[in-house]
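As a plain string of letters, each chain reads:
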Amino acid sequence: MHSLRRFTIGEAVPIRRRNGPLTLDPLSRLEAEAIQIIREAAAEAERPVMLFSGGKDSCVMLHLARKAFFPARPPFPLLHVDTGWKFAELYRLRDDLAAEAGMALIVHRNPEAEARGINPFDHGATLHTELWKTEGLKQALDAGRFDLAFGGARRDEEMSRAKERVFSVRSPGHGWDPKRQRPELWQLYNGRLGAGESLRVFPLSDWTERDVWAYVAREQLKVASLYFAAERPTCIRDDALLIVDDDRAGLEVTMRRVRVRTVGCWPLTGAIESGAATIEAIVAEMEGTSERAGRLIDKDQTASMERKKREGYF
Amino acid sequence: MKPLLRFLTCGSVDDGKSTLIGRLLHDCGAVAQDRLAGLADFSLLADGLEAEREQGITIDVAHLYFGTEKRRFILADTPGHEQYTRNMATGASTADLAVVLVDAAKGVLTQTRRHSTIAHLLGIRQFVLAVNKMDLAGFDRARFEEIRDDFGRFAEELGIDAVTAIPVCALDGDNVAERSGRMVWYEGPTLLAALEDANSQAPSSLPFRMPVQTVIRDAGRLYAGTVASGSVKPGDRIEIAPAGTPAEVARIVTMEGDLAEAGAGQAVAIALASEVDCSRGDMLAGGDAPQVADQFEASLVWMSEEALLPGRQYLLKLGTQTVPATVQEPKYKLGIDTMEQLAAKTLALNEIGVANIWTARPIAFEPYAASRALGGFILIDRIAASTVAAGMIHFALRRSENVHEQTLAVTPALRAGLKQQRPKLLWFTGLSGAGKSTIANLVEAKLHARGRHTFLLDGDNVRLGLNKDLGFTAADRVENIRRAGEAAKLMLDAGLIVLTAFISPFRAERAMVRSLVAQGDFIEIFVDTPLAEAERRDTKGLYKKARAGQLANFTGVDSPYETPETPEIHIDTLTIDAEAAAELIVSKLDV
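The structure presented is a predicted model; accordingly, all values stated were derived computationally and were not measured.

A.B. asks: Would you explain helix H1 (residues 17-27) of chain B in this entry?
C.D. replies: Residues that lie three or four places apart on an α-helix share one face, since the helix turns once every 3.6 residues. All names here are of chain B. Counting buried positions along H1 yields ten of eleven residues, so the element is predominantly enclosed. Three or more residues of H1 are buried, namely Lys17, Ser18, Thr19, Leu20, Ile21, Gly22, Arg23, Leu24, Leu25 and Asp27. In this structure, the buried residues of H1 make contact with strand S1 (5-11), strand S2 (62-67), strand S3 (72-77), strand S4 (97-103), strand S5 (126-132) and helix H7 (191-197).

A.B. asks: In this structure, what is going on with unusual backbone geometry? I would like to understand it.
C.D. replies: Trans is the common state for peptide bonds, and a negative phi is the common state for residues other than glycine. Residue Pro71 of chain A follows Phe70 of chain A across a cis peptide bond; omega there is 5 degrees. In this fold, Pro71 of chain A is placed in the loop between helix H2 (56-69) and strand S4 (78-82). Cis geometry is adopted by the peptide bond preceding Pro242 of chain B, which originates at Ala241 of chain B and carries an omega value of 5 degrees. Phi at Asn175 of chain B is positive, roughly 65 degrees, even though this residue is not glycine. Among the secondary structure elements, Asn175 of chain B is positioned in the loop between strand S6 (162-167) and H7. Take Asn175 of chain B: there are 27 C-beta atoms within 10 Å of it, and that puts it in the buried class. A positive phi angle, near 35 degrees, is found at Ser504 of chain B, a position not held by glycine. You can see Ser504 of chain B is positioned in the loop between strand S26 (497-501) and helix H14 (507-516).

A.B. asks: What should I look at first to understand the nonpolar core in this one?
C.D. replies: Generally speaking, a soluble globular protein has its nonpolar side chains buried in company with each other. One finds Ile38 and Met50 of chain A together with Phe7, Ala92, Ala98, Ala130 and Val131 of chain B to be the most contacted residues of the largest nonpolar core, which totals 233 residues. Filtering out sequence-adjacent residues up to four positions away, Ala130 of chain B remains in contact with Leu20, Val99, Leu101, Ile166, Val168 and Leu191 of chain B.

A.B. asks: Could you clarify how one ought to interpret the domain arrangement of chain B in this entry?
C.D. replies: For interface size, the figure often reported is the accessible area lost on association. If you check the domain split of chain B, you get domain 1 (5-197), domain 2 (209-285), domain 3 (291-399) and domain 4 (412-588). The centre of domain 1 of chain B, based on its C-alpha atoms, is set 56 Å off from the matching centre of domain 4 of chain B.

A.B. asks: What is the right way to read the pairing of strand S5 (residues 105-109) of chain A from this model?
C.D. replies: Both faces of the sheet carry side chains from a regular strand, because those side chains alternate between them. Pairing analysis gives five bridges linking S4 of chain A to S5 of chain A, with the strands arranged parallel. Bridging across to S5 of chain A, Asp82 of chain A finds its partner in Arg109 of chain A.

A.B. asks: Please clarify how the domain arrangement of chain A should be interpreted in this entry.
C.D. replies: All names here are of chain A. Domain boundaries in chain A define domain 1 (16-212) and domain 2 (224-299). The C-alpha centroid of domain 2 is placed 23 Å from the C-alpha centroid of domain 1. Residue-level contacts link 19 residues of domain 1 with 18 residues of domain 2. Mapped by element, the contributors of at least two residues to the side of domain 1 that touches domain 2 are helix H3 (88-101), helix H5 (120-143) and helix H6 (209-219). A per-class count over the side of domain 1 that touches domain 2 returns eight nonpolar, four polar and seven charged.

A.B. asks: I keep staring at the pairing of S1 of chain B and nothing clicks. Help me out?
C.D. replies: Residue and element names in this part refer to chain B. Taken across its seven residues, S1 has seven buried, putting it largely inside the fold. Residues Leu5, Phe7, Thr9 and Gly11 point to one face of S1 and Arg6, Leu8 and Cys10 to the other, with burial holding for every one of them. The pairing of S1 with S3 spans five bridges and is parallel. In the sheet register, Arg6 faces S3, and the bridge partner there is Ile74. When S1 meets S4, the two strands line up parallel, connected through five bridges. What sits directly across from Cys10, in S4, is Val100.

A.B. asks: Can you walk me through the environment of Ala104 of chain A in this structure?
C.D. replies: All names here are of chain A. By secondary structure assignment, the location of Ala104 is in the loop between H3 and S5. For Ala104, a count of 12 C-beta atoms within 10 Å puts it in the exposed group. On a C-alpha basis, the gap between Ala104 and Leu78 in space is 6.1 Å, while along the polypeptide they are 26 residues apart. Not counting residues up to four positions away in its chain, the partners in contact with Ala104 are Pro77 and Leu78.

Calculation criteria
Residues numbered from 1 in each chain as written. Chains lettered and ligands numbered in written order. Predicted model: local features only at pLDDT ≥ 70, side-chain atom pairs only at ≥ 80, totals over all residues. Buried ≥ 20, exposed ≤ 12 C-beta atoms within 10 Å, placed from the backbone. Helix = DSSP H or I, 4+ residues; strand = E, 2+ residues; numbered from the N terminus. Contact = placed C-beta atoms within 7 Å. Core = buried A, V, L, I, M, F, W, Y, C linked by C-beta atoms within 7 Å. Domains from an automatic or database assignment. Pairing = 2+ DSSP bridges. Nonpolar A, V, L, I, M, F, W, Y, C, P; charged D, E, K, R; others polar.

So this is what it looks like as C-alpha cells:
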C-alpha cells in the first residue's frame, strides 16, 4: 500500500524557477484555473449569481471570486437558498463574509415549504431537501432571471459529480441530463445557451477535499468552527450522531467532543466523534472515509445524488 | 514533488480498463473504506452513472483524483466505444500522457490504433501501453514482447516519441502498484512508477501570450486573463493582437500585491502604461507577434448528431475570441478502422477530418502544435448553442494575409444620404408557393411609387444566374443563401432598399444574413402559408412533382422548413390577401 502524501499545511510556494520557465505548485495552479473559470463565466453570462452557504467550499469559492476581479468587486450577487435549519454559526458567517466582500446577498426561502412547515423531523430528509433546496433553488434562479449560477461542488465528492462538466447546462426546467452533456475541451468553455437553458458553473471541479483545506490554511480563510472538534450538545437519531443546534425539536442532548466534515441542515448533518482541532489533524483524520458519508440526504436511495441532480439539485 | 500529471486511460470494450483504474485507486489508498465496503468489483469505482453500472460500460468521461508521496494525478477515464469518440477527445485535450490498454489475448486492435491516433491528434506525445490480462496469457514473455513491438511500429508511424510497455494483471494488481512475482522477466517500471516518473506536458516555448478575458474597471483599466505562454514583467513592450497596437506593461496586479513577473498558467490583471483600445477577445503578446488570419487549415473532430454543413455559419471560440466562421468542404476524413484519408463531403458525429476554416474577421492564434491553448478551438451551433466540433489549427492560409479590405472614400452612409433613404433588407421567407414573390413585387412597386430606390432579388431568378451551379441539397441551400446575403449586402451598401424572396428554410442561415447587416436593418418577413394550403394552390405545379418523387429535397415534402421564431413582420396569408399584406409591410417600414 502506498500512503497518500500529507500536505504540509500552509505551504505557500506561489511560483518558483526550475530550469528556466516559471512553474506553479499544484495548489497555485488550481487557484489560477478556478479564477480563469470564474472570469470566463462572468464574461459570457448576462446575469450570473454565486451560490453561497458559508460552508468551507463556498468560502473558498468566494475568496477566488474576490481575487478574480480585484481590485473591483465581483460583478454578481451571492445567493443563499435557506431552509431555516442551518447552523446558527453558518448564518452569522454567511452574513459577515458577504459584507466583507461588499457583495449583495440574496436569501431565498421557499414560501410553499414555509407555509406547509416542512421540516426534516416530520417530513423526512427527502421531502425536506426536495422542497427547501431543490425547489427553492429553482424558484430563486427563476425569480432573479439568473442565467448562470456558480456552485462550489467538486468532482471528487461523489461518483455522479465526477461526470459533471465545469460549465454544466441545465434544461429549461433546471434538469441535468448526464447523457447529453456538451463536450468540454481544453480550458475552453462554451457559455452560450439555447432557449430557456441555464448554466451551473463549478470553479472547484478539479479540487479535492484535501486541496480545500490546504488552501484554507494557506490563505488563512475564515471557516466555521464546526469543522473543528469541540464539546457540543449531541444526540443520536436514526443511527446518526447529530449536533443539536437549537431546541426546536425538543431532543435530549449529551455533550460529546465532535466535529462535522460537511455542513448542511443540522438535523441532516452527521457529526463524528473526534479530537481533531486543527487543519492538520482533520486532514489526517479524513483519510479512509468519503466526505459525504455524513450527509444523510445522500443515503435515501442508490444513485441518489445523480437523481437529485437530474431534478435540479446542485 | 513533481508537477501534477493529467492522464487518460483508453481501451477497447472488455479490456479491463475499469478494473485497472479501480485497482490503481485502491492500491494508492485513494478509495474510502465506506465506498469499498460492499463493492462487488473494482470496476464499479470508475463508472459513476446509473446507466454505466447497468450496462457495464463507460459512457462519459469521469475525472478521478488521487496521489502518492511523489505526485498528484488527475485521471480522465474515457469510454472505449467508437460512438463515444468525442468523449475520448475531451479527456485527451488536457492530458499529458495516455495509458492505452490492450488485452494480452487479443493484442493490438483497430480500436487501439484509433484511440492512439486521437490521443496523438490532441497533442499527447507520451504513451504507456498496459498489456492486461497477462494471467490469461500464462504470463508469457514472448506474447508480451510481440504486442509491445506491434504497437511500437505503429507508434513510430504516428510520430509518438515515448512508449513504455508494461505487462499487467489488473485483477490481482501485478505490476500496477506492486511488482509482479509472476513476471520476474519484466524489469521495467510498474504502471504507478511510470506515471510518477512521466514528464508533464512541456510548457509552450512561445513568448508571452495572454488572451484578455475581461476588463476590470477600477481606478484605471485592468486587462484580466491567464498567461498562456512565456512570461511578462512591468516595463515590457508588448502588442495587442489582432490589431497590432503597441503597448507597455505598467503593473501586474493581484490581490496579494503587484508581481514583479508573471508566467504561464498564472491568472493576473495587467495595467498598461497608456490608454489603448483593448477588450475581451484581444490577445496581449510579447516577442514575435502571434499569427493573425481569417483563413486557416485545421483538424476537426465532429461532435454533434447533426453533421457538418459546409458553408453554414457556426461560432468559433478560440481563447477568449468568439467569431462567426464557416467550414469549407473537408479535404478528407480519417477512416474509422484504417485511419486512412478518405474523400468526404461532410463530417458526421465522431468523424475526424481536415478542412479549411474561414472566420468573419481575423483572429490571433498559434498553431496547435505550438500551443494547445492558442491553437485549439470549438465550433458552436448558433441556434442550439451546443458545442458541435473541436478543432486544432495547422497553419494559416497565406492568401488571407494578402487580401485587405479597401477603405472607400464614399461610404454607405453617404450613398444612402444622396438617395435620402435608409437602406433596409426586407427578407421574405416561407414555403414554396407561400406568396413571397407576389407580395415582395407589390411592396417594391409601392416603394418605387414613393420615390424609393429599390431592388428585388428573387430566389428563382438568382438561381438562373449567380447561383446556377447550385442544387437543392442542404449544403447547396446554405451556399445559395450565403451568396444571396452577400449580394444583398453589397446593394445595401450601395444605398438601396433590397427585397429578397427566398424560401431560406434554415434559421441558421437567416441568422447569418442578419449578422451581415447593421442591427435594425434586417427585416425578416415570414410569409406564413400552411403546407396544406401552399400545396393546394401549387401555382408552379412543384408540389405535385415532389409528391410524385420527381423532385428531391423539396422544402416541406422531404426537406425541412424551420419556422421563424421572432420575425419582424408576420403575414398570415389565410387572413389577408397579397395587396393588404403589402400595405401592412409598407406601413411598418421606416424608409
